[in-house]
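Structure assessment
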Amino acid sequence: MLPISTTRVCIAPPIEDGCVSDTSRGPAPESQAQLAVRLSLPLWAPEEVAGCECGFLLFYDHACLSLQQNDQNASGPLCVDFEDATLAYRQRHSRQPEAILKALGAKQGESLLIVDATAGWGLDAFVLASAGHRIDLIERSVILHALLQDGLRRAAASRDEGLAVIADRMTLHLGESSLKLQGWGASLPDVIYLDPMFPERRKSAKVKKNMYLLQQMLHDELPTEALLRDALSLARRRVVVKRPAHAGFLEDIKPSFQLTGKSSRFDIYLTRNSGSG
Ligand SMILES: C[S@@+](CC[C@H](N)C(=O)[O-])C[C@H]1O[C@@H](n2cnc3c(N)ncnc32)[C@H](O)[C@@H]1O
């Protein structure tokens, strides 16, 4: 059986000519064939791509590992780009603390140990790491994990020293979070963050391109039955769950309190787990 999330993805030839994106740094770190072997994915030669029936293509776009839907009407490729202008703006010019930072409940200047157990594109984790916290990111999709690994590699090598410092606070793990949390051997996290939410499947201006692509690729994966319960037994201080504004509670467990926004909310579960760590 192929690992989770890989059955409909294949490796396409790299794009190396034409306009070089701002985020590119030198040549791709591996060949198309090496990438295919590393991720155990089928490889498509340039002349075969037109007939490829995979739903998604994974390839190096000017040294950035990128994912694109294999559809004539698909939007352009997406990669994990921590140098992205929108993220940088969010990070440097936010007028008020982001709701996700409020949800952590950190004291002024305090640096927390956080586990983001549903890493996705790593955007929330990046906001948390930018605020000075150390984050372990867990992602079970080998595709998303590979995209994150590539984004972190470029961020660590960035000429922007601030970005490299933020990347250094982020440690990536591949696997099913429930299992990882049950066997957690490192220091106990202060906070565990869960964002298993997906927007509706239809394409709309409200659904961001990256979340739409993730939804298309991962929609048939089952939610983990007791992820919140596992998180609650490990986190020292709290578990923060991001939910669509009108959705029910994750695993039907009532939170201690909520922070509510227009389209989403944070359900906050206070814990009192002691133990050395
Ligand atoms: C909605 S996305 C998270 C988006 C993320 N917060 C961000 O800012 O980019 C959910 C992600 O969690 C991953 N995921 C869901 N359940 C998981 C589990 N039990 N273990 C590990 N990863 C999981 C999915 O593969 C998907 O990539």
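Since the model is a prediction, treat every value here as computed from it, not as a measurement. (Residues numbered from 1 in each chain as written. Predicted model: local features only at pLDDT ≥ 70, side-chain atom pairs only at ≥ 80, totals over all residues. Heavy atoms only, no water.)

Structural notes on unusual backbone geometry
Residue A63 is not a glycine yet carries a positive backbone phi of 75°. Looking at where A63 falls in the secondary structure, it is placed in the loop between β2 (56-61) and β3 (64-69). Overall, the relative accessible area of 3% leaves A63 in the buried class. Despite not being glycine, E251 has its phi angle at roughly 55°, a positive value. The residue E251 is located in the loop between β8 (238-244) and β9 (257-260) in this model. Given the relative accessible area of 17%, E251 is considered buried. (Helix = DSSP H or I, 4+ residues; strand = E, 2+ residues; numbered from the N terminus. Buried < 20%, exposed > 50% of the residue type's maximum accessible area, 1.4 Å probe, protein only.)

Section: the pattern of salt bridges
With the rule as written, the count across this model stands at 10 salt bridges. Among the ionic pairs, E221 bridges to R140, the shortest N-O distance being 3.7 Å. Taken together, the positions of E221 in the loop between α8 (209-218) and α9 (227-234) and R140 in the loop between β5 (134-139) and α5 (142-156) put the pair 81 residues apart, joining distant regions of the chain. Classification of R140 by relative accessible area gives partly exposed; the value is 25%. Linking D150 and R153 is a salt bridge whose minimum nitrogen-to-oxygen distance equals 2.6 Å. (Salt bridge = Lys/Arg side-chain N within 4 Å of Asp/Glu carboxyl O.)

Brief notes about the state of the cysteines
Summed over the entire model, instances satisfying the criterion amount to zero disulfides. Considering cysteine sulfurs only, C64 is the nearest to C79, which forms no disulfide, with 4.3 Å between them. (Disulfide = S-S within 2.5 Å.)

Overview of the site of the ligand
The ligand sits among 22 residues. The nearest are E139, E176, D195, M197 and T224. Residue R140 places a main-chain N or O atom 3.2 Å away from a nitrogen atom belonging to the ligand. D195 is positioned such that a nitrogen or oxygen atom in its side chain is 2.7 Å from a nitrogen atom of the ligand. Looking at the shell around the ligand, the elements with two or more residues in it are α4 (123-130), β5 and α8. Looking at the shell around the ligand residue by residue, the class counts come to 11 nonpolar, six polar and five charged. (Near = heavy atom within 4 Å. Polar contact = N/O pair within 3.5 Å; in protein donor to acceptor, adjacent residues only side chain to side chain. Nonpolar A, V, L, I, M, F, W, Y, C, P; charged D, E, K, R; others polar.)

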